[in-house]
Amino acid sequence: MADGMEAHSMAAPRSLRIAWFSDLTDAGGISSYCSKLLLPILAKEHQIELFSESFATTLLGLPNHHYLKAYHCHREQPFDIFFYQLEDGVTARFVRTYLGIMPGITWVHDLFLSDLGAEATHNSPWEHSIEQFYNNSLPFAARSISRHKLWPRAYREAALSPIDLFSSRWALNEFSSMISSRIEAEPGAHRAEYLAIPISCAGIAAPPQHAPLSFATVCGPDLEGRAHKFLPALKGLGSPWQLTWLIDPAEQSAAETLIREFSVVDQVTLVLGRSPEKWSEILSSSHVAIHLSSTPFGHLGPYLQLALGSGRLAIVSDTFHGEEIPSTAAFKITPGIHEYAQILGVFEAIQKTQLHTLTLPAQKMVASENDPEKIALCLSKIFQESAPQMAIIMQRWQELYESAHVALLAEVKELTSSSELNEIDVYKELLSQSFLELGWSS
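Every chain begins its residue count from 1, and numbering advances along the sequence as written. At least 70 in pLDDT is required for a residue's local features to be given in this predicted model, at least 80 for side-chain atom pairs to be given and counted, and no such filter applies to totals for whole chains, interfaces and linings, which use all residues. Side-chain metrics rest on all non-hydrogen atoms present in the structure, leaving aside hydrogens and water.

Caption draft 1: Just the side chain of Arg-96, in detail. Counting from the N terminus, the helices are DSSP H or I runs at least four residues long and the strands are E runs at least two residues long. By the element assignment, Arg-96 lies in helix H4 (residues 93-98). For each residue, the accessible area found with a 1.4 Å probe, counting protein chains only, is set against the maximum for its type, and the residue is called buried under 20%, exposed over 50%, and partly exposed in between. Relative accessible area serves as the criterion here: at 3%, Arg-96 is assigned to the buried category. Within the structure, the side chain of Arg-96 is placed 3.0 Å from the backbone oxygen of Leu-116, a separation counted as a polar contact. Identification of polar contacts relies on pairs of N or O atoms within 3.5 Å, with a donor-acceptor requirement for protein atoms, meaning one able to donate a hydrogen and the other able to accept it, and with residues adjacent in sequence counted only if both atoms are side-chain atoms.

Caption draft 2: Structural view of helix H11 (residues 276-283). If you check which residues of H11 are buried, you get Pro-276, Trp-279, Ser-280, Ile-282 and Leu-283. All buried residues of H11 project into a common sector of 160 degrees when viewed along the axis, lining one side. In this analysis, two residues are considered to be in contact whenever any of their non-hydrogen atoms come within 4.5 Å of each other. The inward-facing, buried residues of H11 contact helix H2 (30-42), strand E9 (213-217), strand E10 (241-247), strand E11 (268-272), strand E12 (288-291) and helix H12 (303-309). Note that the arc is defined by the directions from the helix axis to the C-beta atoms.

Caption draft 3: Representation of the pairing of strand E1 (residues 17-21) within the structure. Of all five residues in E1, five are buried; the element is thus mostly enclosed. Here E1 shows no split at all, with Arg-17, Ala-19 and Phe-21 on one side and Ile-18 and Trp-20 on the other all buried. Whether two strands pair comes down to DSSP finding at least two bridges between them. Examined bridge by bridge, E1 and strand E2 (residues 47-52) share five bridges and lie parallel to one another. Among the inter-strand pairings, Ala-19 is bridged to a residue of E2, identified as Glu-49. Orient the strands so they point away from the viewer; a crossover is then right-handed if the path from the first strand over the helix to the second runs clockwise. As for the winding sense of the linkage, the β-α-β connection from E1 through H2 to E2 is right-handed.

Caption draft 4: Main features of the side chain of Asp-110. Summarising the element assignment, Asp-110 is placed in the loop between strand E6 (105-108) and helix H5 (119-122). Within the buried set, Asp-110 has no salt-bridge partner at all; the shortest N-O distance to an opposite charge, 9.2 Å, is to Arg-96. Those residues within four positions of Asp-110 in sequence are excluded, and the remaining contacts are Leu-86, Glu-87, Asp-88, Gly-298 and His-299. The sign given to each residue is positive for Lys and Arg and negative for Asp and Glu; His and the chain ends receive no count. By definition here, a salt bridge exists when the distance from a side-chain nitrogen of Lys or Arg to a carboxyl oxygen of Asp or Glu is within 4 Å.

Caption draft 5: Region of the structure containing the packing of aromatic side chains. Only the six-membered ring of Trp is used, alongside the rings of Phe and Tyr, when aromatic pairs are assigned; centres must lie within 6.5 Å, and planes under 30 degrees apart are stacked while those over 60 apart are edge-to-face, with the rest tilted. Within the structure shown, the criterion is met by 20 aromatic pairs. Summarising the aromatic geometry, the rings of Phe-82 and Tyr-98 are spaced 6.5 Å apart at their centres and angled 10 degrees between planes, so their arrangement reads as stacked. Of this pair, Phe-82 sits in strand E5 (residues 81-86) while Tyr-98 sits in helix H4; the two residues are 16 residues apart in sequence, bridging distant segments of the chain. Tyr-98 matches Phe-82 in its accessibility class, with the two residues each being buried. Aromatic rings pair up to connect Phe-21, Phe-51, Phe-79, Phe-82, Tyr-84 and Tyr-98 into one cluster. Think of it as a cone above the ring: NZ of Lys or CZ of Arg counts as a charge over the ring if it is within 6 Å of the ring centre and within 35 degrees of the ring normal. One cation-aromatic arrangement involves Arg-17 over Phe-79; the distance from NZ or CZ to the ring centre is 4.1 Å. In this structure, Arg-396 is placed above the aromatic ring of Phe-133, and the distance from its NZ or CZ to the ring centre is 4.8 Å.

So this is what it looks like as structure tokens:
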């Protein structure tokens with residue numbers, strides 16, 4: 001009997017049906033990178049179907065549907081978990097749209113959004129919807145009332161997700177200071193925690209042994225990228241150096257202007273099209289990675305973690321996302337009046353130091369924290385733990401939709417029913433039959 005009980009307790013967890021919403025088109029996006037590393041692992045344990053803006057039937061070796069088919073797929077064979085990767089930008093708008101249609105688990109890569117999103121997203125009465133979630137007897141929000149806009153923070157997206165995972169500790173800390181009504185993961189508790197991004201340094205060669213000192217950066221050419229600080233610091237070095245600068249095509253003109261302004265045309269090579277794959281190639285011929293981003297927008301990963309994990313010395317701004325990087329893993333620069341002097345001092349010190357010794361702590365940190373197998377195991381555990389409560393939440397949300405369905409049909413019927421001015425009853429003679437064909441009962 002005891003053996004039987006032990007066998008039961010050690011039984012493998014149930015395979016879950018996961019609806020995975022993620023932009024897979026942006027080669028430089030963190031959502032696409034994470035999906036490529038995690039899905040092959042997670043698919044061994046769970047039934048995963050992808051939802052994207054693509055009409056391809058398969059992506060990354062898994063079934064793929066256009067996201068507008070998600071409700072139909074869920075009705076035909078219900079999913080246990082709806083999983084969303086929240087990222088800034090136009091290509092991820094569909095994720096922001098759908099996480100308001102069905103609550104789920106959201107992996108927040110970008111808590112600050114430069115993109116307003118679709119009109120229905122940034123003008124959504126989401127706060128009232130959350131009130132209705134807890135009290136289904138409340139009437140629906142009047143269309144004439146102006147919405148409470150809280151952009152650029154992703155209040156709506158985070159509040160509509162019972163479980164929020166953050167790929168940045170800094171973003172998690174920021175979220176903890178945000179006050180709003182939220183859908184609770186369990187009675188009385190909204191769940192928010194850190195989940196590191198996975199990193200694979202496979203294919204990145206060891207740092208070159210030869211001179212000159214070689215630098216690499218993915219910083220933008222705007223003020224927040226701090227190129228106007230690190231380019232003159234590089235120019236001030238007394239020994240030869242080279243910089244490879246990975247940028248997007250839209251940034252080329254601004255980058256070329258800075259290169260000319262600081263007279264470093266011969267030492268800087270521009271590479272167009274940010275992606276983790278191109279960055280890995282660039283790192284193979286580089287000693288030092290510059291990540292002096294000083295903005296709440298965007299994410300340092302996976303680019304910074306790839307540099308740290310592959311044994312490159314990294315330099316980061318000690319602000320926003322850079323705050324979470326320990327000083328044992330990277331040189332940290334304080335933006336401001338003394339920034340140039342600090343950067344130059346680091347560059348000069350690097351020339352006299354054994355880089356391999358300095359990078360070992362960072363390599364150990366990334367190997368421990370960003371291992372894809374560990375991240376996949378952690379995410380799978382979250383799926384398993386949350387599935388029972390998520391079923392209750394999805395059912396309650398479905399009941400809210402059914403109430404909306406009834407209210408909408410009643411409104412249409414009132415607007416189109418027969419009156420002294422109408423010769424026919426538009427609702428009865430025309431619309432009701434169409435609604436029946438769509439599966440809507442009046």
